[in-house]
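For reference, the chains in residue letters:
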Amino acid sequence: MSKPRIAVIGSSNTDLVTYVNRMPAPGETIEAPSFEMGFGGKGANQAAAAAKLGAEVVMVTALGDDLFGDNTMRNFAALGMDTSHVKRVAGTPSGVATILVDASGENCIVIVKGANGELSPADVERAGAALKTCDLILLQLEVPLETVYAAIRFGKAHGVKTVLNPAPATPALDIAYVREVDYFIPNESELAILTGMPTQTDADVEAAAKSLIAQGVQAVIVTLGGRGALLATAEGTQRIAPTPVTPLDTTGAGDAFVGAFARFHGSRASLDEALTRAARYAADSVTRKGAQGSYATEAEFETFERGLGGRR
Ligand code: RIB
């Protein structure tokens, strides 16, 4: 399978993760068993997943001129990414995420955008020559919406496919731009916010995804955590089966799915194969702690898939 070239235009954070036995109530102080720091941010996580699986990655992001920014740059280099379009913003902190993970592996996340808020449409234009050489552009919503829109316009103008993961969801997202992306990948809570429809049951999820297709969105892929995923297009809907695992930490699992999907679909794998393998990659990631720290390399993932008896 050929190695694709993937551009990620998005956020980078340092994750400050506290593992709790249970989530605290408002006003309550609790003691927690452990704490870890790691590399995160939805954009950087998706880039890391694609890079660990062997894709060439062009990273377009913004970091502060602080220690977190320096460490993140070193991490990008260690993952073999092209960092020529990583911007450093003077006098602004790098993005930070404070994360609580409970005993069932579920999380609560608070982000401070910091330098991520400074990634601009002009940065997309400046990276233009590199973006034109890519198979896919990956986008999320931890950077300004106008930057996301500029990237979608760029992809459309230059024939580069775009993938939008609308996380964290905002009702301000303009459906006119969502119609222009090739793949739109929300999770069920993001789908609920964006459509105003319930997503409690599988039938709810299907109806909400179909409502986006009826509004002209090309392909909707809903990630459903332990329940797999759902693909909706004008041709119909298809379920992607879950891989049963015992979750330790679900942080960054959605990003693992998106990065792996880009890696496999960018290599011309069929949509079905790319989605099946992306779901397996995300499932594998929740068995380890952290976001990027939980992502398997290509060799490790092939071993995991062999253990499932899955096809390659
Ligand atoms: O999707 C998980 C990510 O969300 C974390 O790594 C955190 O940085 C926030 O951006």
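As shown above, the structure is provided for reference.
**Student:** Is there a simple way to think about the pattern of salt bridges in this case?
**Tutor:** Opposite charge on two side chains permits them to pair, given that their charged atoms come into close proximity. Here the structure, examined in full by the defined rule, presents 17 salt bridges. For the salt bridge of Arg-88 with Asp-70, the shortest nitrogen-to-oxygen distance reads 2.7 Å. Placement of the pair is Arg-88 in strand β5 (residues 86-89) and Asp-70 in helix α2 (residues 67-78), with a sequence separation of 18 residues. The class of Arg-88 is partly exposed, set by a relative accessible area of 34%. Judged by its relative accessible area of 30%, Asp-70 falls in the partly exposed class. Salt-bridge contacts for Glu-305 lead to Arg-277; the nearest nitrogen and oxygen are separated by 2.7 Å. With Glu-305 in helix α11 (residues 298-308) and Arg-277 in helix α10 (residues 271-285), the pair connects residues that are 28 residues apart, well separated along the chain. Taken together, the shared-partner salt bridges in this structure form one network comprising Glu-188, Asp-202, Arg-227 and Arg-239.

**Student:** What's the story with the nonpolar core in this structure? I'm lost.
**Tutor:** Soluble, globular proteins show a tendency: their nonpolar side chains are buried together. Formed by 45 residues in total, the largest nonpolar core has its most connected members in Met-81, Phe-257, Phe-261 and Tyr-281. Ranked by residues supplied to this core, first place goes to helix α9 (residues 253-266) with 7 residues. Once you skip the residues sitting within four places of it in the chain, Phe-261 turns out to touch Val-163, Tyr-183, Ile-185, Ile-221, Gly-266, Leu-271, Ala-274, Leu-275 and Ala-278.

**Student:** Just checking my understanding: could you explain the packing of helix α7 (residues 188-195) against helix α8 (residues 202-214) for this structure?
**Tutor:** Any two packed helices are characterised by how steeply their axes cross, that is the angle between the axes, and by the distance between the axes. At a minimum axis separation of 10 Å, α7 and α8 run at an interaxial angle of 50°. Classed by the angle they form, the pair α7 and α8 counts as oblique. The chirality of how α7 crosses α8 is left-handed. Between α7 and α8, the residues in contact are Glu-188, Leu-191 and Thr-195 and Val-205, Ala-208, Ala-209, Ser-211 and Leu-212, respectively. A breakdown of the residues in the contact of α7 with α8 according to their chemical character gives 5 nonpolar, 2 polar and 1 charged.

**Student:** For this particular structure, what's the right way to read the sheet that holds strand β6 (residues 95-101)?
**Tutor:** Hydrogen bonds between backbone groups are what pair the strands of a sheet, and the pairing can be parallel or antiparallel. Ordered in space as β3-β2-β6-β7, the 4 strands form an open sheet in which the pairing is mixed. This sheet does not close on itself; its edge strands, each paired only once, are β3 (34-40) and β7 (107-112). Neighbour-to-neighbour, the strand axes of this sheet turn through a mean angle of 20°, independent of strand direction. Bridge count for β6 against β7 is 6 bridges, and the pairing is antiparallel. Looking at the pairing, Ala-97 lines up with Ile-111 of β7.

**Student:** Honestly, the site of the ligand in this entry has me stumped. Any pointers?
**Tutor:** Lining the immediate surroundings of the ligand are 13 residues, of which Asp-15, Gly-41, Lys-42, Glu-142 and Asp-255 lie closest. Asp-15 is positioned such that a nitrogen or oxygen atom in its side chain is 2.6 Å from an oxygen atom of the ligand. Side-chain polar atom of Glu-142 to an oxygen atom of the ligand: 2.6 Å apart, as the coordinates give it. For the ligand, whose accessible area on its own is 280 Å², the fraction buried by protein is 97%. At the level of elements, β2 (13-19), α1 (42-52) and β7 are the ones that each hand at least two residues to the shell around the ligand. For the shell around the ligand, the per-class residue count stands at 4 nonpolar, 5 polar and 4 charged.

Reading the values: rules and limits
Residues numbered from 1 in each chain as written. Predicted model: local features only at pLDDT ≥ 70, side-chain atom pairs only at ≥ 80, totals over all residues. Heavy atoms only, no water. Salt bridge = Lys/Arg side-chain N within 4 Å of Asp/Glu carboxyl O. Helix = DSSP H or I, 4+ residues; strand = E, 2+ residues; numbered from the N terminus. Buried < 20%, exposed > 50% of the residue type's maximum accessible area, 1.4 Å probe, protein only. Core = buried A, V, L, I, M, F, W, Y, C linked by side-chain atoms within 4.5 Å. Contact = heavy atoms within 4.5 Å. Axes fitted to C-alpha atoms, helices over the stretch in contact; angles between N-to-C directions. Parallel < 35°, antiparallel > 145°, perpendicular 65-115°, else oblique. Left-handed = near helix turned anticlockwise from the far one by under 90°. Nonpolar A, V, L, I, M, F, W, Y, C, P; charged D, E, K, R; others polar. Pairing = 2+ DSSP bridges. Near = heavy atom within 4 Å. Polar contact = N/O pair within 3.5 Å; in protein donor to acceptor, adjacent residues only side chain to side chain. Areas by Shrake-Rupley, 256 points an atom, 1.4 Å probe, with all protein chains shown as cover.

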